[in-house]
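# What the coordinates show
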Amino acid sequence: MYQNIFDTHAHYDDGRFDADRDQLITSLPQKGVVAVVNAASDLATCHSGLALTEKYPFFYCAVGVHPHEAQGFQPGDLETLAGLAGRPRVVAIGEIGLDYHYDFSPREVQKQVFEAQLRLARDLGLPVIIHDREAHEDTLRLLHRYRPQGILHCFSGSAEMAKEIVELGMYVAFGGAVTFKNARRPLEAAAAVPLDRLLVETDCPYMAPEPLRGRRCDSSMIEFTANQLARVKGLDPQELLDRTCENAKAVYRIEKI
Ligand code: NI
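Residues numbered from 1 in each chain as written. Predicted model: local features only at pLDDT ≥ 70, side-chain atom pairs only at ≥ 80, totals over all residues. Heavy atoms only, no water.

The name given to the chain in an unreviewed UniProt entry is TatD family hydrolase, with the source organism recorded as Candidatus Anaerotruncus excrementipullorum.

Pasting the structure below:
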């Protein structure tokens, strides 16, 4: 069994965990999971993430509004987010970004809400968790403009883009997609990320890795992602998990877990 699994991005507030959430979460430490960051999608999930951190000592959370929800963003929400960000165990602003695949919110609105939250993170001195789906060009432009610290989550860009993210001083997180049969591109990107900027994540309940693809995902399944990334890096999987755990602590500024 592996140790030191730090799941840098999860959604344990999701309805798919309603039936057995407590049982599942309390079983994670026995499966080698030492820390989880629950990412928010809107103000409601900011509160559910905070509730998880109050219940489980190995949980941390991010607060922010996802591009899918950007259309519902109200001017006062920024102040609310600032207040929530000051609560204990909030380690980042996220997830925030751009999603031009689904386009659930108009692109102009997505950009405005993303920029407002990039400024908020800068003002508060917090790292960000970035969601970028089919919006690489605009995402890179805004990252160059605001220069946040933080993570490009569920990375789906090229090896070239991964290098650019690293040059900006950010970390790059990979999840179950690196185990899929068509994973040539994310594996090339992972190969291009130096070991000290690499992170693992689930994005659970989504994105279960092979051989569990299609099932409800949870943090213990990171072992399959770690196996694949370890092959790319020529490392023992436990060493990969040890190194990515240290990286996660560094980016989220957690001294001791
Ligand atoms: Ni997510």
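Another aspect to go through is the UniProt feature "binding site: a divalent metal cation 1" (unreviewed entry) in the chain. UniProt marks H9, H11, E95 and D203 with the feature "binding site: a divalent metal cation 1" (unreviewed entry), using the numbering shown here. Across 195 residues of sequence, these annotated residues stay compact in space, with a maximum C-alpha separation of 10.8 Å. From this annotated list, the subset lining the largest pocket comprises H11, E95 and D203. The topology assignment puts H11 in the loop between β1 (5–10) and α1 (21–27). (UniProt positions renumbered as here; feature names shortened; annotations may be inferred. 1 Å grid on protein atoms, 1.4 Å probe; cavity = no way out; pocket = protein on both sides within 12 Å on 5 of 7 lines; lining within 4 Å. Helix = DSSP H or I, 4+ residues; strand = E, 2+ residues; numbered from the N terminus.)

A few words on helix α2 (residues 43–55). Here α2 is 13 residues long and its end C-alpha atoms lie 19 Å apart, about the 18 Å a rise of 1.5 Å per residue gives. The inward-facing, buried residues of α2 contact α1, β2 (33–38), β3 (59–63), α3 (77–85) and β4 (90–99). Where α2 begins, the capping side chain belongs to D42, and its oxygen is found 3.3 Å from the backbone nitrogen of A44. (Expected span 1.5 Å × (residues − 1). Contact = heavy atoms within 4.5 Å. Polar contact = N/O pair within 3.5 Å; in protein donor to acceptor, adjacent residues only side chain to side chain.)

Turning to the packing of aromatic side chains, a few remarks are in order. The final tally for this structure, using the stated rule, is seven aromatic pairs. Ring centres 6.1 Å apart and planes at 20° place the aromatic pair F6 and Y252 in the stacked group. Here the residue F6 occupies a position in strand β1, and Y252 occupies one in helix α9 (residues 237–252), the gap between them amounting to 246 residues. Judged on exposure class, the residue F6 and its partner Y252 are both buried. An aromatic cluster of three or more residues is present, and its members are Y12, F17, Y56, F58 and F59. One cation-aromatic arrangement involves R89 over Y60; the distance from NZ or CZ to the ring centre is 4.6 Å. Sitting above the plane of the F180 ring, R213 keeps its charged end 3.6 Å from the centroid. (Phe/Tyr/Trp six-rings, centres within 6.5 Å; stacked < 30°, edge-to-face > 60°. Buried < 20%, exposed > 50% of the residue type's maximum accessible area, 1.4 Å probe, protein only. Lys NZ or Arg CZ within 6 Å of the ring centre and 35° of its normal.)

With that settled, the discussion passes to the sheet that holds β4. With respect to topology, eight strands assemble into an open sheet ordered β1-β2-β3-β4-β5-β6-β7-β8, the strand pairing being parallel. The open sheet has two edge strands with one neighbour each: β1 and β8 (198–200). Neighbour-to-neighbour, the strand axes of the sheet open up by a mean angle of 25°, direction not taken into account. As paired strands, β1 and β2 are joined by four bridges and run parallel to one another. (Pairing = 2+ DSSP bridges. Axes fitted to C-alpha atoms, helices over the stretch in contact; angles between N-to-C directions.)

If you look at the biggest cluster of nonpolar residues, it comprises 70 residues, and the most contacted ones within it are Y12, I93, I130, F155, I165 and F174. With five residues, the top contributor of residues to this core is helix α4 (residues 107–124). Excluding anything up to four places from it in sequence, F155 contacts M161, A162, I165, V172, A173, F174 and A189. Counting 17 residues, the second-largest nonpolar core is a separate cluster that includes Y60, A173, L199 and Y252. (Core = buried A, V, L, I, M, F, W, Y, C linked by side-chain atoms within 4.5 Å.)

On to the pairing of β2, then. Burial analysis of β2 places five of its six residues in the buried class, which makes it a mostly covered element. In this fold, the crossover linking β1 to β2 by way of α1 has right-handed handedness. Sheet topology note: the β2/β3 ladder contains three bridges and is parallel. Note that in β3 the partner of V36 across the bridge is F59. (Right-handed = clockwise from strand over helix to strand, strands pointing away.)

Before going further, it helps to examine the pairing of β4. Within β4, ten of the ten residues are buried, which leaves it mostly tucked inside the rest of the structure. Here β3 pairs with β4 via three bridges, running parallel. Along β4, the bridge assignment pairs V63 with I93. By the bridge criterion, five bridges tie β4 to strand β5 (residues 128–133) in an arrangement that is parallel. Directly across from G97, in β5, lies its bridge partner H131. The handedness of the β4 to β5 crossover, carried by α4, is right-handed.

So, on to the coordination of the nickel ion. Here the nickel ion is held by the protein donor atoms H9 (NE2), H11 (NE2), E95 (OE) and D203 (OD), which lie 2.1 to 2.2 Å from it. In this structure, the nickel ion is coordinated by four donor atoms arranged in irregular fashion, with angles at the metal of 85 to 175°. Sequence spacing of the donors to the nickel ion: H-x1-H-x83-E-x107-D. Grouping residues by exposure puts H9 and H11 together as buried. (Donors = N, O, S within 2.8 Å, 3.2 Å for Na, K, Ca; no water. Tetrahedral: all angles 85-135°; square planar, octahedral: opposite > 155°, others 65-115°.)

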